[in-house]
Amino acid sequence: MEMHDVGFSGLAGGRAEGLPKWKRMLDFAVILALLPGVLLIGLLVALVVKVGSQGPVLFKQRRVGFKGRQFTCYKFRTMKADAETSLHQNHTRQLINGKAPMTKLDAHKDPRLIPLGAILRATGLDELPQLINVARGEMSIVGPRPCIPYEYELYEPWHRRRFEAVPGLTGLWQVSGKNRTTFTQMIQLDIDYAQTLNLGLDLKIIFKTLPALAQQCLDIREARQKQTGKPQEATKTVPLYHQ
């Protein structure tokens, strides 16, 4: 599948390619509703990043989105400037080729992280600048997560059916257990979302996002406590979301 760069040229007829009118309207409604809080929290996060380490506040990275097209994704930087990527590439390859849960390197105290970087990532605050991508039509509030090009190259042909939907800040996989699911389960959930796309499903996912983020924070905390040998109460497995 050929990759292309998508920017403002990806807009057609006043709305982004691959986004139904109702979905585009929902995206802007959410942005407007969250804007005051996002600006305030964003300033605090930017201060944390600036004080905690040297380098730019924003991190720009090429990601793969709708129909396999590349775009520049924005995030608050949570890693040291010029952090190497081989560790993440190897971790990604193992997850794709194996059947292990999709745990992040954050759960293992990734040495590349800046102070408080793990908290920003676990709470999703590092992804607030992606609202810029949503406004530009490269992403949506709800959709499969945009992957990195080297991850895309490892995909089998059927995996790429997940790109039939515009990528999002949150999605069906994110509220269906996320770090407790395997790569294959993630792909299937993303494909299910692309095939079921409707307003009701998007609203359900949006309302489930905050509880899912809270569970993700607990999961990461539990994993770190297990590493240090501290006793931890058993947590219930989060069931996968079903239509």
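Residues numbered from 1 in each chain as written. Predicted model: local features only at pLDDT ≥ 70, side-chain atom pairs only at ≥ 80, totals over all residues. Heavy atoms only, no water.

A.B. asks: Go over the packing of aromatic side chains, please, and point to the residues and values.
C.D. replies: In this structure the tally under the stated criterion is 4 aromatic pairs. On the numbers, 5.3 Å between centres and 55° between planes, the contact of Tyr152 with Phe163 is tilted. Highlighted residues: Tyr152 in helix α5 (residues 149–152) and Phe163 in the loop between α5 and β6 (168–170), separated in sequence by 11 residues. Within the aromatic cluster, the residues linked to one another by ring pairs are Tyr152, Tyr155, Phe163 and Phe183. A cation sits over an aromatic face here: Arg160 above Tyr152, 4.2 Å from the ring centre. The residue whose ring lies beneath Arg162 is Phe163, and the NZ or CZ to ring-centre distance is 5.3 Å. (Phe/Tyr/Trp six-rings, centres within 6.5 Å; stacked < 30°, edge-to-face > 60°. Helix = DSSP H or I, 4+ residues; strand = E, 2+ residues; numbered from the N terminus. Lys NZ or Arg CZ within 6 Å of the ring centre and 35° of its normal.)

A.B. asks: Describe the pattern of salt bridges, with residues and values.
C.D. replies: Using the criterion set out here, one finds 6 salt bridges in the structure. Linking Glu17 and Arg69 is a salt bridge whose minimum nitrogen-to-oxygen distance equals 3.1 Å. One end of the pair, Glu17, is in the loop between β2 (15–16) and α1 (21–52); the other, Arg69, is in the loop between β3 (58–64) and β4 (70–76), with 52 residues separating them in the sequence. As a salt-bridge pair, Arg136 and Glu138 come within 3.2 Å of each other at their nearest N and O atoms. Neither Arg136 nor Glu138 differs from the other in exposure class; each is buried. (Salt bridge = Lys/Arg side-chain N within 4 Å of Asp/Glu carboxyl O. Buried < 20%, exposed > 50% of the residue type's maximum accessible area, 1.4 Å probe, protein only.)

A.B. asks: So, the confidence of the model for the chain: which residues are in play, and what are the values?
C.D. replies: Predicted confidence across the chain gives a mean pLDDT of 85, with 84% of residues reaching 70 or more. Looking across the chain, the model is least confident in strand β1 (residues 11–12), with a mean pLDDT of 38, and most confident in strand β5 (residues 140–142), with 98. Within the model, pLDDT remains below 50 along residues 232–243, and this stretch shows 24 contacts once partners closer than five positions in the same chain are excluded. (pLDDT = per-residue confidence, 0-100. Contact = heavy atoms within 4.5 Å.)

A.B. asks: Summarise unusual backbone geometry; cite the residues concerned and give the values.
C.D. replies: In the Ramachandran plot, Leu116 falls in the positive-phi region, its phi being about 70° despite a non-glycine side chain. Relative to the elements of secondary structure, Leu116 occurs in the loop between α2 (86–97) and α3 (117–123). For Lys178, which is not a glycine, the phi torsion comes out positive at approximately 40°. In this fold, Lys178 is placed in the loop between β6 and α6 (183–196).

A.B. asks: Quick rundown of the environment of Pro115? Include the residues and the values.
C.D. replies: With respect to the secondary-structure elements, Pro115 resides in the loop between α2 and α3. Its relative accessible area of 49% is what places Pro115 among the partly exposed residues. Beyond its immediate sequence surroundings of up to four residues, Pro115 is in contact with Val48 and Gly52.

A.B. asks: Any chance you could break down the environment of Arg63 for me, citing the residues and the numbers?
C.D. replies: Considering the arrangement of structural elements, one finds Arg63 in strand β3. According to the relative accessible area criterion, Arg63 is buried, its value standing at 11%. It is 4.8 Å that separates the C-alpha atoms of Arg63 and Ile148, two residues lying 85 residues apart in sequence. Leave out the neighbours within four places in its chain, and Arg63 touches Arg69, Gln70, Phe71, Cys73, Lys75, Pro146, Cys147, Ile148 and Pro149. Within polar-contact distance, the side chain of Arg63 engages the backbone oxygen of Pro146 at 2.8 Å. (Polar contact = N/O pair within 3.5 Å; in protein donor to acceptor, adjacent residues only side chain to side chain.)

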